[in-house]
Amino acid sequence: MTIRRRDALAAALLGPALSALPAHAQTSLGGCMPMGDWTSFAARHIQPDGRVIDFDTPQQHSTSEGQSYAMFFALVHDDRRNFERVLAWTEGNLSGGSLAQRLPAWQWGRKTEGGWGVLDPNPASDADLWIAYALLEAARLWDDPRYRTLGRALLALVVREEVMVLPGLGRMLLPWPKSVAKGPVWRLNASYLPLQLLRRFQQEEPTGPWNEIATNTVRMIGATAPQGFAPDWCGWSTEQKAFVVDPEKGATGSYDAIRVYLWAGMLHPQEPARAALLKSLYGPRRVVETSQPPPEYVDTGTGVTRGNGPAGFSGALLPYLKAQDATAALTAQLARIPVDLGGTAPAGPKPLPYYERMLLLFAQGWLDGRYAFTKTGALQPQWRPACPSTRTA
């Protein structure tokens with residue numbers, strides 16, 4: 001086992017995270033946290049102008065999701081240069097020059113007819129939340145009120161354009177704008193709704209819809225996971241006044257849903273809904289505790305699984321398993337994560353895809369003590385001198 005993985009494993013075995021940054025990680029790493037995974041990701045995926053590229057797509061596309069996650073990790077690693085570059089590209093290319101006036105288009109890349117530009121102008125609300133969160137926390141941590149002004153303006157757009165009162169449920173965040181959504185079955189996505197972010201917005205705007213959305217999110221996850229697995233998508237039926245199987249994607253849980261376990265695992269121990277969420281989401285733990293890899297696909301209605309999930313899925317489950325003290329399962333999933341994620345080395349292995357890298361950045365960074373969330377959703381980064389990473393990515 002490499003030093004990098006051994007340190008992460010040691011951190012994982014030393015008890016639950018505290019209200020501040022996880023003391024177990026600080027102890028096992030001597031207060032010096034590796035950040036090579038972030039620098040290698042930035043070197044490969046962030047272009048000089050701030051565009052985050054997913055190389056494994058035909059259009060070599062960029063998404064508002066990728067831009068938002070890059071802003072978050074730039075903040076986690078005190079990387080203001082990349083934060084500014086990614087923000088500038090996002091505003092200029094996805095929001096027509098102003099995030100305060102237009103929600104970012106979700107997809108930009110090579111056009112079929114030639115040239116480059118926006119491929120789908122509709123926004124994706126998960127990215128909108130992460131961008132707003134990164135801006136609000138950047139304002140606080142870097143003491144720059146400009147970011148707060150922009151973050152609040154973006155959040156106001158989200159409320160105006162993406163929050164809707166669903167009959168029988170109440171206020172809920174739609175995956176896209178109200179202008180393109182339609183009923184009587186309203187499509188929803190639990191992975192778009194990290195409870196940490198909703199708690200932070202609740203602090204920022206106490207009279208806003210965020211507490212109600214958080215309550216409805218917990219209700220949604222519990223109602224749509226009868227076998228302990230979250231679906232990628234679900235629906236709210238205004239006729240039945242109940243959560244139902246998604247009319248387009250069905251009851252499949254896979255590449256979207258894997259983030260639901262990730263967000264739940266990283267919740268602060270004093271988050272009131274944490275225990276209920278982990279209890280509802282027992283499916284992946286049940287599988288991996290039998291020494292199996294996480295499934296790539298699962299029928300959330302029957303619990304029948306299909307295929308082995310990639311290494312990124314194992315990474316996404318690390319905080320979820322750590323939160324439940326599932327030590328043996330956590331050890332097994334750590335062993336599935338390659339030491340060399342691939343990247344700039346000419347003779348290195350094929351790089352892991354963008355999405356898997358992002359899942360690992362979230363999970364391994366949290367496990368290593370790079371960052372944590374408070375019970376009110378505030379970000380707690382660990383800004384200390386970086387250790388030389390043993391990863392060669």
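Residues numbered from 1 in each chain as written. Predicted model: local features only at pLDDT ≥ 70, side-chain atom pairs only at ≥ 80, totals over all residues. Heavy atoms only, no water.

Lay out the sheet that holds strand β3 (residues 116-120) in plain terms, naming residues and giving numbers.
The sheet built from three strands is open, its strands ordered β1-β2-β3 with antiparallel pairing. Of all strands in the sheet, those bounded by a partner on one side alone are β1 (62-63) and β3. With four bridges connecting them, strand β2 (residues 107-110) and β3 associate as antiparallel partners. Paired with Gln107 across the strands is Asp120, a residue of β3. (Pairing = 2+ DSSP bridges. Helix = DSSP H or I, 4+ residues; strand = E, 2+ residues; numbered from the N terminus.)

How would you explain the packing of aromatic side chains if you had to name every residue and give the values?
Enumeration according to the criterion identifies 31 aromatic pairs in this entry. Between Tyr69 and Trp130 the ring centres are 5.9 Å apart and the planes differ by 85 degrees, which places this aromatic pair in the edge-to-face class. Here Tyr69, found in helix α4 (residues 64-76), pairs with Trp130, found in helix α6 (residues 125-141); they are 61 residues apart in sequence, far enough to count as distant. Residue Tyr69 is classed as buried on the basis of its relative accessible area of 2%. Following the ring pairs from residue to residue traces out a cluster consisting of Trp38, Phe41, Tyr69, Phe72, Phe73, Trp130, Tyr133, Trp263, Tyr354, Phe362, Tyr371 and Phe373. The ring of Tyr147 is capped by Arg146, whose NZ or CZ atom sits 5.3 Å from the centre of that ring. Over the ring of Trp233 we find Arg187, and its NZ or CZ is 4.6 Å from the ring centre. (Phe/Tyr/Trp six-rings, centres within 6.5 Å; stacked < 30°, edge-to-face > 60°. Buried < 20%, exposed > 50% of the residue type's maximum accessible area, 1.4 Å probe, protein only. Lys NZ or Arg CZ within 6 Å of the ring centre and 35° of its normal.)

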